[in-house]
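# What the coordinates show
Here is how the chains run, residue by residue.
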Amino acid sequence: MTVVIVLSVAVSVILALLLSFASVALHVEEDPRVQDIVDMLPNQNCGLCGNPGCKAMAVSVLNEDSRLSQCKPGDQEMRESIRDYLNEHPDASGEYVKVKM
Ligand code: SF4
């Protein structure tokens, strides 16, 4: 019985260490503009824009795949805020998004 407990604890510690290492080694740096855009969207995660949620919509806008008008709960003020934000915030290489209204 004691051997089983010791083995369970040892396996748990090893798996925890592996997960910890993987979270550091496989960390992907996210474009900080994604969260900024999500914060400007209505955050209803309704999917009416054709994306599975507001974060996916933000990524799609950054990739120039979606129009801001696809966000049905959003209003003109929201669209102009996001456009103005993206006109002032290029990506890491200095490229600006061509915002589709
Ligand atoms: S339509 Fe707007 S509120 Fe709904 S998921 Fe898309 S971006 Fe979010």
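Keep in mind it's a predicted model, so treat the numbers as computed, not measured. (Residues numbered from 1 in each chain as written. Predicted model: local features only at pLDDT ≥ 70, side-chain atom pairs only at ≥ 80, totals over all residues.)

Attention shifts here to the overall build of the protein chain. In terms of helices and strands, the protein chain carries four helices and zero strands. Shown N-terminal to C-terminal, the secondary structure of the protein chain runs as helices and strands in the order α-α-α-α. Over its C-alpha trace the protein chain gives a radius of gyration of 21 Å, far above what one expects of a compact globule, namely 13 Å for 101 residues. If you line up the protein chain on its principal axes, its C-alpha atoms span 65 × 30 × 20 Å. Within the protein chain, counting contacts between residues at least 6 apart in sequence, those at least 24 apart form 47% of the total. (Helix = DSSP H or I, 4+ residues; strand = E, 2+ residues; numbered from the N terminus. Rg over C-alpha atoms; globule rule 2.2 N^0.38 Å. Contact = placed C-beta atoms within 7 Å.)

As for its position among the elements, Gly-74 is in the loop between helix 3 (54-62) and helix 4 (76-88). Along the backbone, Gly-74 and Leu-41 are 33 residues apart, and their C-alpha atoms lie at a distance of 6.8 Å.

What follows is about unusual backbone geometry. Trans peptide bonds make up the majority, and among non-glycine residues the majority have a negative phi. Notably, Asn-43 is not glycine yet its phi reads approximately 60 degrees, a positive angle. Relative to the assigned elements, Asn-43 resides in the loop between helix 2 (32-40) and helix 3. With 12 C-beta atoms packed within 10 Å, Asn-43 lands in the exposed category. Phi is positive for Glu-64, which is not a glycine, with a value near 60 degrees. (Buried ≥ 20, exposed ≤ 12 C-beta atoms within 10 Å, placed from the backbone.)

Before going further, it helps to spend a moment on the nonpolar core. Ile-37, Leu-41, Cys-49, Cys-54, Met-57, Ala-58, Val-61, Leu-68, Cys-71, Ile-82 and Leu-86 form the largest nonpolar core, which has eleven residues in total. Elements with a contribution of two residues or more to this core: helix 3 and helix 4. When residues of this core are assigned to their parent elements, the largest contribution, four residues, is made by helix 3. In contact with Val-61, other than residues within four places in its own chain, are Ile-37, Ser-66 and Leu-68. (Core = buried A, V, L, I, M, F, W, Y, C linked by C-beta atoms within 7 Å.)

Here the protein chain averages 95 in pLDDT, and 100% of its residues register 70 or above. Within the protein chain, the lowest mean pLDDT, 94, falls on helix 1 (residues 2-25), and the highest, 98, falls on helix 4. (pLDDT = per-residue confidence, 0-100.)

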